[in-house]
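# Geometric and topological summary
Next come the chains, spelled out residue by residue.
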Amino acid sequence: MKILVCISHVPDTTSKINFSEGDTKFDTNGVQFVINPNDEFGLTRAMWFKEKQGASVDVVNVGGAETEPTLRKALAIGADNAIRVNAEATDGFFVAKQLEKVVKDGGYDLVIAGRESIDYNGGMVPGMLAALTGANFVNTCIGLEVEGDTATVTREVDGGKETATAKLPLIVGGQKGLVEESDLRIPNMRGIMMARKKPLTVVDPVAAEEGVKTVQFEKPAPKGDVTLVSPDNIGELVDLLHNEAKVI
Amino acid sequence: MSVLVYTESEGGNFKKAAFEVASYAKEVASMLGTTVTAVSINASNNEELGRYGVDKVLNVSSGNLEQFSAKAYAEVIKQAAEKENATVVVVGSSIDSKFVAPALAVNLNAGYASNVVALPESTAPFKVKRTAFSNKAFGVVEISSDVKLIGLSSNAFGIIENEVSAAVENFEPAVGDENFSVHVTAVDKATDKVSIADAEVVVSGGRGLKGPENWGMIEGLADVLGAATACSKPVSDMGWRPHGEHVGQTGKPVASNLYIAVGISGAIQHLAGINSSKVKVVINNDPEAPFFKAADYGIVGDAFEVVPKLIEKLKEFKANNA
Ligand SMILES: Cc1cc2nc3c(=O)[nH]c(=O)nc-3n(C[C@H](O)[C@H](O)[C@H](O)COP(=O)(O)OP(=O)(O)OC[C@H]3O[C@@H](n4cnc5c(N)ncnc54)[C@H](O)[C@@H]3O)c2cc1C
């Protein structure tokens, strides 16, 4: 089985978010970048397939040279090859178009992407990629098994979960649940050494129209102070929620 | 030209979110000087959409579509959009709507803005505000494609009544077998519970509750408020509560009117998921818990004493205001 894991290079979850150039650009100053958490669950699931069932695992990112440490980390965790499409990832459709070419050229059976990336939270790349390639698609995937050419998938739905079967090629939008958090891997020294020798191929982007563009960023208005209510006077909270906040 | 809205239903009835996306579509249609058409799949109360400004309902009733299929639903909505010559298509932010939208965007050649929180700032150029960076910021996006697809965040706009009479028209899109290649084999869903996505009030518990055996009071509090229950990530990781209840950056987003956090520290990853809730109440015994900085109302106290008293007070309030 040939697996491709899509890796988004995102600010670490605790990063302070700032903007530059008149609030039109994300300010990367002092920001630590990591593998998108949803993708990390997918990468670990792919490692499981590699070790238990035999599979090759490639990782791909659409981004500039600054994303290479993130791809190297994925190689250190155990991926075999990395591909970087050399372009700024400006909009979800643009990224999906780049991945479409990578998927078609590589002839992958299974593509695991994250349900959404934690920077722009578009939640659109895996679904668009599936629509572009014609592969089967399951989003919010929390369970994935493959036998022969058939996958059994569990996905989260509002208020529960759902199980389905689908033939490969399949694309999933994954999240926590694909593996447990305790199964996530930290690269060890041997992995890091080996990752240096593994291939990281840089490919040129294909042309794609940009339909959506972020023109301005804003930060939420600063919040007022919390109103504290004494534990001896809980009736006051009910009062405030009714009369002041008007939510009950 | 028209604004098309996909109004989600379940078991033949519209979800609350359907009325919200309809209300939003009505406002967008007014800005554009046009009408609203809804596409509804297997719903029996189509006329009800008129109350929220929907002029016309394309009613699709099909046994094939009884079970949700993202690809098939995307095909239905696409054909409805083409039939109506829609320039703006509005969908919601439920798990299913977010599953359908990207395929719909590709099929319609539409630029897609997800997690939209407000009406367009302008329609030419078309600019809307959405959340970004896990609710730590907003981005104003410009959609330049001919057809624009908007995914409206739950509870961001609210439900607005705007009574018109909705003409219901049967619609029979051609949806080929290739759209049903993902076969659902089992559904495991608690139907009697308010889901986090639909809830106006969410009551959430963290590690401060010490163990699953103490969740009775969280459920009790949720019961009096008609709320959904939720939890922080360690709580679901430890198996005290199901994974589907975990909210935050790696869990579910919550955009309720009221979010009550009990025994939750307010780590940045948790706040990322609940920041778009309107009113936040925190109950925590540690006055230094970071959640107090994000909250509107707070009680510094032991959850095991505060929550039962709060349930009692709320019951009294309900009895007096019934
Ligand atoms: C990549 C990444 C992603 C993450 N994603 C998420 C996410 O999506 N959602 C999420 O929730 N977390 C997430 N986390 C974890 C997050 O950082 C915190 O660890 C987590 O939110 C803490 O949960 P908690 O507040 O329930 O537990 P704790 O941090 O243990 O806090 C418990 C709180 O309960 C209070 N308490 C204790 N006893 C009582 C009592 N008797 N009465 C009242 N209060 C009491 C304590 O004072 C404390 O503030 C993520 C972490 C990482 C690294």
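Now for a quick tour of the structure. Note that this is a predicted model, so its numbers are computed, not measured.

### Focus: the site of the ligand
The immediate surroundings of the ligand are formed by 27 residues, with B:R207, B:S232, B:S265, B:Q269 and B:H270 found nearest. Those chains with residues close to the ligand are chains A and B. The contact in question runs from an oxygen atom of the ligand to an N or O atom on the backbone of B:G263, over 2.9 Å. The backbone of B:A303 places a nitrogen or oxygen atom 2.8 Å from a nitrogen atom of the ligand. Within the complex, 79% of the 980 Å² of free accessible area of the ligand lies under protein. Those elements that place two or more of their residues in the shell around the ligand are α5 (233–237), α6 (268–274) and α8 (303–321) of chain B. Class assignment for the residues of the shell around the ligand results in six nonpolar, 16 polar and five charged.

### A few points about the state of the cysteines
Scanning the entire structure with this criterion turns up zero disulfides over all chains. Unpaired in terms of disulfides, A:C141 finds its nearest cysteine sulfur in A:C6, a separation of 13 Å.

### Regarding the interface of chain B and chain A
On the side of chain A, 72 residues touch chain B, which itself brings 81 residues to the contact. The junction of chain B with chain A conceals about 6,500 Å² of combined surface from both sides, 60% of it contributed by carbon and sulfur atoms. Sorting the residues of chain B by area buried against chain A places B:F99, B:F133 and B:Y297 first, and these three jointly supply 13% of that buried surface. There are five salt bridges connecting chain B and chain A. Salt-bridge contacts for B:K233 lead to A:E181; the nearest nitrogen and oxygen are separated by 2.6 Å. Residues of the side of chain B that touches chain A, tallied by class, amount to 36 nonpolar, 26 polar and 19 charged.

### Some details on the nonpolar core
Proteins that are soluble and globular tend to have nonpolar side chains buried together. Ranked by size, the top nonpolar core spans 59 residues in total, and within it B:V89, B:L104 and B:L149 carry the most contacts. Here B:V89 is in contact with B:L4, B:I77, B:A81, B:L104, B:L108, B:V147, B:K148, B:L149 and B:I150, once residues within four sequence places are set aside.

### Remarks on the packing of aromatic side chains
With the rule as written, the count across this model stands at 16 aromatic pairs over all chains. Residues A:F19 and A:F217 carry aromatic rings whose centres are separated by 4.4 Å and whose planes lie at 5° to one another, so their mutual orientation is stacked. Taken together, the residues span a long stretch of sequence, with A:F19 in strand β3 (residues 19–20) and A:F217 in strand β14 (residues 212–218) at a distance of 198 residues. Overall, A:F19 belongs to the buried group, its relative accessible area being 13%. The class for A:F217 is buried, based on a relative accessible area of 3%. Ring centres of B:Y6 and B:Y73 lie 6.4 Å apart, and the angle between their planes is 90°; on these two criteria the pair is classed as edge-to-face. Taken together, the residues span a long stretch of sequence, with B:Y6 in strand β1 (residues 2–7) and B:Y73 in helix α2 (residues 70–84) at a distance of 67 residues. With respect to burial, B:Y6 and B:Y73 carry one shared label: buried. An aromatic cluster is defined as three or more aromatic residues linked by ring pairs; in this entry it consists of A:F19, A:F26, A:Y120, A:F217 and B:F133. The side chain of A:R45 reaches across the aromatic face of A:F49, ending 5.3 Å from its centre. Residue placement shows B:K129 over the ring face of B:F138; its charged tip is 4.8 Å from the ring centre.

Calculation notes
- Residues numbered from 1 in each chain as written.
- Chains lettered and ligands numbered in written order.
- Predicted model: local features only at pLDDT ≥ 70, side-chain atom pairs only at ≥ 80, totals over all residues.
- Heavy atoms only, no water.
- Near = heavy atom within 4 Å.
- Polar contact = N/O pair within 3.5 Å; in protein donor to acceptor, adjacent residues only side chain to side chain.
- Areas by Shrake-Rupley, 256 points an atom, 1.4 Å probe, with all protein chains shown as cover.
- Helix = DSSP H or I, 4+ residues; strand = E, 2+ residues; numbered from the N terminus.
- Nonpolar A, V, L, I, M, F, W, Y, C, P; charged D, E, K, R; others polar.
- Disulfide = S-S within 2.5 Å.
- Contact = heavy atoms within 4.5 Å.
- Buried area = accessible area lost by both parts, 1.4 Å probe.
- Salt bridge = Lys/Arg side-chain N within 4 Å of Asp/Glu carboxyl O.
- Core = buried A, V, L, I, M, F, W, Y, C linked by side-chain atoms within 4.5 Å.
- Buried < 20%, exposed > 50% of the residue type's maximum accessible area, 1.4 Å probe, protein only.
- Phe/Tyr/Trp six-rings, centres within 6.5 Å; stacked < 30°, edge-to-face > 60°.
- Lys NZ or Arg CZ within 6 Å of the ring centre and 35° of its normal.

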